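# Fold and contact review
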Amino acid sequence: MALENQELRKAGLKVTLPRVKIYQILERAGEGDHFSAEDIYKLLMEQGEDVGLATVYRVLTQFEAAGLVSRHHFEGGHSVFELARDEHHDHVVCVKCGKVREFSEPKVGEILDKVAEELGFTITDRTLYLYGVCKDGCEESK
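Residues numbered from 1 in each chain as written. Predicted model: local features only at pLDDT ≥ 70, side-chain atom pairs only at ≥ 80, totals over all residues. Heavy atoms only, no water.

Glancing now at the packing of helix α2 (residues 17-28) against helix α4 (residues 53-65). One can describe the packing of α2 onto α4 by two numbers: an axis separation of 10 Å at closest approach and a directional angle of 70°. Compared by their axis directions, α2 and α4 come out roughly perpendicular. Residues Pro18, Arg19, Ile22, Tyr23 and Leu26 of α2 pack against Thr55, Val56, Val59, Leu60, Gln62 and Phe63 of α4. Its residues assigned to classes, the contact of α2 with α4 shows 8 nonpolar, 2 polar and 1 charged. (Axes fitted to C-alpha atoms, helices over the stretch in contact; angles between N-to-C directions. Helix = DSSP H or I, 4+ residues; strand = E, 2+ residues; numbered from the N terminus. Parallel < 35°, antiparallel > 145°, perpendicular 65-115°, else oblique. Contact = heavy atoms within 4.5 Å. Nonpolar A, V, L, I, M, F, W, Y, C, P; charged D, E, K, R; others polar.)

Let us now look at the pattern of salt bridges. Applying the stated criterion to the full structure yields 6 salt bridges. The salt bridge partner of lysine 10 is glutamate 7, with a shortest N-O separation of 3.4 Å. Within this pair, lysine 10 and its partner glutamate 7 are both found in helix α1 (residues 2-10), separated by 3 residues, close to a single helical turn. Put simply, aspartate 90 and arginine 126 hold a salt bridge, and the shortest N to O gap is 2.6 Å. Placement of aspartate 90 in strand β3 (residues 90-94) and of arginine 126 in the loop between α5 (106-118) and β5 (129-132) is noted, with a sequence separation of 36 residues between them. (Salt bridge = Lys/Arg side-chain N within 4 Å of Asp/Glu carboxyl O.)

What follows covers the pairing of strand β4 (residues 100-103). The side-chain alternation of β4 yields one buried face, formed by Val100 and Glu102, and one unburied face, formed by Arg101 and Phe103. Taken together, the 4 bridges between β3 and β4 define a ladder with antiparallel strand orientation. The residue bridging aspartate 90 from the neighbouring strand is phenylalanine 103, located in β4. The loop that links β3 with its antiparallel partner β4 comprises 5 residues; one of these, glycine 98, has a positive phi angle of about 85°. (Buried < 20%, exposed > 50% of the residue type's maximum accessible area, 1.4 Å probe, protein only. Pairing = 2+ DSSP bridges.)

The structure is reproduced here in structure tokens:
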């Protein structure tokens, strides 16, 4: 729990049990896992933690403001969160089941930098979401 405490303090946040528990869930997530506030709330309930959904939303918003998490708005209308990372990555989202996969391809950045330069821009940040149908059972049901 010491690492979570350090990260929260470094971000200027007071260490509270709900913040630590939510940070731990995000930290233990597998590569490419993205959680909605409702997902985190359900996991906390399964762990027997007494944290309300409003608290989960509030903590995630605080984490986002402090730069600890990234919020994504994929099609489907709800936000999902992941721990903020230094390396850039993009996302591909299944339009049928909502599955999200991350990828990192340096050539994409190079192409976008070239396009921006030709248009007289310097890219300072980017978000790339690709939408399609996954091969995990969704493709067959097209």
